[in-house]
Amino acid sequence: LSAEKMYIFLTAGAADVAELEKLWEDCYQRMYSLMPRERQMGLGKTKGISTYFSSNCEEEDAASAGKFLESVKLSPYNTRLFKKVEG
């Protein structure tokens, strides 16, 4: 949805237009400057971002970590994985 159409949508309701204008000016540029990867939740360089995995983790990393955690009888759900590359 373009910024122009989003603005029209937001101002079509019963919200306080002056307050809406202020909020819109504060955030629309940041909203519409996001890179494609930043626009969705996901894992991997092309699929999105997640707070559960560092930005360099791929699905294979998550699968390996999950397999290890299950092997030591720990649940991989609601955990964080940070991939550290040395060198």
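Everything below is about the structure shown above.
Everything numeric here is computed off the predicted structure, so don't read it as measured data.

Conventions adopted
- Residues numbered from 1 in each chain as written.
- Predicted model: local features only at pLDDT ≥ 70, side-chain atom pairs only at ≥ 80, totals over all residues.
- Heavy atoms only, no water.
- Helix = DSSP H or I, 4+ residues; strand = E, 2+ residues; numbered from the N terminus.
- Rg over C-alpha atoms; globule rule 2.2 N^0.38 Å.
- Buried < 20%, exposed > 50% of the residue type's maximum accessible area, 1.4 Å probe, protein only.
- Contact = heavy atoms within 4.5 Å.
- Areas by Shrake-Rupley, 256 points an atom, 1.4 Å probe, with all protein chains shown as cover.
- Lys, Arg positive; Asp, Glu negative; His and termini not counted.
- Charge placed at Lys NZ, Arg CZ, Asp CG, Glu CD.
- Polar contact = N/O pair within 3.5 Å; in protein donor to acceptor, adjacent residues only side chain to side chain.
- Salt bridge = Lys/Arg side-chain N within 4 Å of Asp/Glu carboxyl O.

The helix and strand tally for the protein stands at three helices and zero strands. For the protein, the sequential pattern of α-helices and β-strands runs α-α-α. For the protein, whose C-alpha radius of gyration is 20 Å, the value lies well above the compact-globule estimate of 12 Å for 87 residues. The principal-axis extent of the C-alpha atoms belonging to the protein is close to 55 × 30 × 20 Å. Across the 87 residues of the protein, 10% fall into the buried class. When contacts within the protein are restricted to residue pairs at least 6 apart in sequence, long-range pairs at least 24 apart make up 27% of them. Surface exposure of the protein reaches about 7300 Å², of which carbon and sulfur atoms provide 59%. Charged side chains in the protein number 12 positive and 13 negative. The centres of these two groups are separated by 9 Å.

This part covers the side chain of Ser-54. Along the chain, Ser-54 falls in the loop between helix 2 (17–31) and helix 3 (59–71). Assessed through its relative accessible area of 14%, Ser-54 is described here as buried. One polar contact links Ser-54 to Asn-56, side chain to side chain, over a distance of 2.6 Å. In contact with Ser-54, other than residues within four places in its own chain, are Leu-81, Phe-82 and Lys-83.

This next bit is on unusual backbone geometry. Residues other than glycine predominantly adopt negative phi, and peptide bonds predominantly adopt the trans conformation. Although it is not a glycine, Lys-73 adopts a positive phi angle of roughly 60 degrees. Among the secondary structure elements, Lys-73 is positioned in the segment after helix 3. By relative accessible area, Lys-73 is classed as exposed at 77%. One non-glycine residue, Asn-78, lies in positive phi territory at about 60 degrees. Mapped onto the elements of the fold, Asn-78 is located in the segment after helix 3.

We now examine the pattern of salt bridges. Tallying each qualifying case throughout the model produces three salt bridges. When the shortest N-O distance is used, the salt bridge between Lys-47 and Glu-59 registers 2.7 Å. On the criterion of sequence distance, the pair formed by Lys-47 in the loop between helix 2 and helix 3 and Glu-59 in helix 3 is long-range, its members being twelve residues apart. We classify Lys-47 as partly exposed; its relative accessible area is 43%. Relative accessible area serves as the criterion here: at 41%, Glu-59 is assigned to the partly exposed category. The residue Asp-61 makes a salt bridge to Lys-83 at a minimum N-O spacing of 3.1 Å.

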